[in-house]
Structure formats: structure tokens, C-alpha cells
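# Structural characterization, general
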Amino acid sequence: VLTVDAQEDSRFDGALSIMGHQIHAAMCAPLAGRDSVAGVLYADSGRKGEQFGQSDFELFTAIAHVVGVAVENTRLHREKVEQERLAAIGEATAGLGHCMRNILTGIKGGAEFVDMSIREKDIKYLERAWPIMSQAVQRIEMLVMNLLMYSRERTPERMSVSLDDVVREVAETLHARADKHQVAIHLELAGNAIVPVDLQQIYRVVLNLLTNAVDACESDGGTVT
């Protein structure tokens, strides 16, 4: 819209705001992006005799289009950021669920030894259960610490670790679960190889692999090597 004098322009008959503010020359153009209208750009003059010409209106319309595209781009960027944020939350939730599942696997393994100890009234099963459940508590504590530091990128905490010890610990954790499904766990150890790894992460890797393998043999039994 371009008007020389809104007070005398029939298009604004009865517009109280136009009359009340004594608006004379005025321009209005849509903030038009590529796919949508983001709003309106408006300019006016309350001084009678000051007019906007056609060249003013063309420049004004061009500015409105540039601003419209900029606003549209900003909205699209925000939508993309929100989508990426939701995707990141979904990925983190899935990872957290998988990690909790691993910890619960350890707790269940220890609990099954406790059940055996109660059922058979033999403390030797408690002696096998406690290290497993103690490790699970430590891993819960580590998980909570990781969540508290979630906003920071986690740097692997490498230390000299015996892979044999990690594999033995995982096998012991899953022993009761494997027995329940009539699955034998056979270890072929590497001769106590000491390697610099992140203990928490490598434990999760081995636990994931062995848990999936035992679950795969659940229906028919078998041997996991």
C-alpha cells in the first residue's frame, strides 16, 4: 500500500487509528519470504505535505522482501536447531537406556546368586553376588556423574587395563543369566594383555556383546565363546 494522504484516502474511511494519529503519507509492504509472509513493514509521516514517491515505495518494498527472507531464514534455522536438539535428546535417551540396561543386567545377575544362596542356604553364592552388585553400584555412580557432566564432551580416561580381567568380570556378571537359559560361556583369554583403554567404556562394550550373545541363544541353549 502507498498513500499520499491517508486522511483523504477513501480506502481508510472510518479507520479511527489513521484519523486519530493524523497519518498522512504512508507505506506498507509484506515481509514476504520465499514460502511465507512473516509480517508487515510500515512507515508513515504525520506531516501534511510530506509525501512518499514511487521510487521510495520501490526501495521500501525491496527492503521488506530482504527482511522477510531474513526472518524466514531465522525461523527455519530455529526449527532446524530444535529438530537437532530433539534428535540429540532421543539419541542420548536411547544411549542412557542401553547403559541402564547393562547395569540392571549386572544387578539381576547378582540377585540371582542371592536367590540361590537363600534357596540353598549356602553363603558361597553371596560371596559371588556381592562383587557383582558392588560393581553395579559403582557403575550407577559413574553414570550419574556422566549425566551431571553431560554438557561437556567426555574425554576417555585411559589407564592400563587387563582385558582378561574385564572379560572375566563380565562373564561372572552374566553367569547366572547364562545358566538360566542353559547357555555355556567359554573364555579364550589373551594371556593377560595389558592395554591403555577407558575401563568404563570397554566394560560396556564387552557386556553389550556378551549379553546379546547369551540372549541370542536363549531359546535353544548353546555356547558363547
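Cut-offs applied
Residues numbered from 1 in each chain as written. Predicted model: local features only at pLDDT ≥ 70, side-chain atom pairs only at ≥ 80, totals over all residues. Heavy atoms only, no water. Helix = DSSP H or I, 4+ residues; strand = E, 2+ residues; numbered from the N terminus. Rg over C-alpha atoms; globule rule 2.2 N^0.38 Å. Buried < 20%, exposed > 50% of the residue type's maximum accessible area, 1.4 Å probe, protein only. Areas by Shrake-Rupley, 256 points an atom, 1.4 Å probe, with all protein chains shown as cover. Lys, Arg positive; Asp, Glu negative; His and termini not counted. Charge placed at Lys NZ, Arg CZ, Asp CG, Glu CD. Salt bridge = Lys/Arg side-chain N within 4 Å of Asp/Glu carboxyl O. Polar contact = N/O pair within 3.5 Å; in protein donor to acceptor, adjacent residues only side chain to side chain. Pairing = 2+ DSSP bridges. Contact = heavy atoms within 4.5 Å. Axes fitted to C-alpha atoms, helices over the stretch in contact; angles between N-to-C directions. Core = buried A, V, L, I, M, F, W, Y, C linked by side-chain atoms within 4.5 Å.

A count of helices and strands for the chain gives six helices and seven strands. In the chain, the succession of α and β elements from N to C terminus is β-α-β-β-α-α-β-α-α-β-β-α-β. For the chain, whose C-alpha radius of gyration is 35 Å, the value lies well above the compact-globule estimate of 17 Å for 225 residues. The dimensions of the chain, computed from C-alpha atoms along their principal axes, are 105 × 40 × 35 Å. Looking at the chain as a whole, 28% of its 225 residues qualify as buried. Of the accessible surface of the chain, which amounts to about 14600 Å², a share of 58% is contributed by carbon and sulfur atoms. Of the side chains in the chain, 22 bear a positive and 32 a negative charge, and the two mean positions are spaced by 5 Å.

The next thing to look at is the pattern of salt bridges. As enumerated under the stated definition, the model contains five salt bridges in all. Among the salt bridges present, the one from R128 reaches E172, with a minimum N-O distance of 3.1 Å. Separated by 44 residues along the polypeptide, R128 in helix α3 (residues 124-148) and E172 in helix α4 (residues 163-173) bring together distant segments of the chain. Its relative accessible area of 28% is what places E172 among the partly exposed residues.

Okay, the environment of E120 next. With respect to the helices and strands, the residue E120 is situated in helix α2 (residues 54-120). Under the relative-accessibility criterion, E120 is labelled partly exposed at 43%. A polar atom in the side chain of E120 sits 3.3 Å from the side chain of Y125.

When you line up the elements, Q135 lands in helix α3. Placed 70 residues apart in sequence, Q135 and V205 show a C-alpha to C-alpha distance of 16 Å.

As a further point, take the sheet that holds strand β2 (residues 26-32). Whether parallel or antiparallel, the strands of a sheet pair through hydrogen bonds between backbone atoms. Across the sheet, which stays open at both edges, the three strands sit in the order β1-β2-β3 with antiparallel pairing between neighbours. Of all the strands in the sheet, the pair left with one neighbour each is β1 (2-3) and β3 (37-44). Pairing geometry for β1 and β2, over two bridges, is antiparallel. The partner of T3 across the bridge, within β2, is A26. Running over the sheet, α2 touches β1, β2 and β3 and is turned about 30° from β2.

What follows covers the side chain of T211. Tracing the backbone through its elements, the reader meets T211 in helix α6 (residues 199-216). Among the polar contacts listed, one links the side chain of T211 to the backbone oxygen of L207, at a separation of 2.7 Å. Excluding anything up to four places from it in sequence, T211 contacts R101, T105, L174 and R177.

Here we take up the nonpolar core. Counting 14 residues, the largest nonpolar core has V170, L210 and V224 as the members making the most contacts within it. Listing elements by their share of this core, those giving two or more residues are α4 and α6. No other element matches α6, which puts four residues into this core. When sequence neighbours within four positions are dropped, the list of residues in contact with L210 reads V170, A171, L174, I185 and V224. With six residues, the next largest nonpolar core counts M27, L31, F57 and F60 among its residues.

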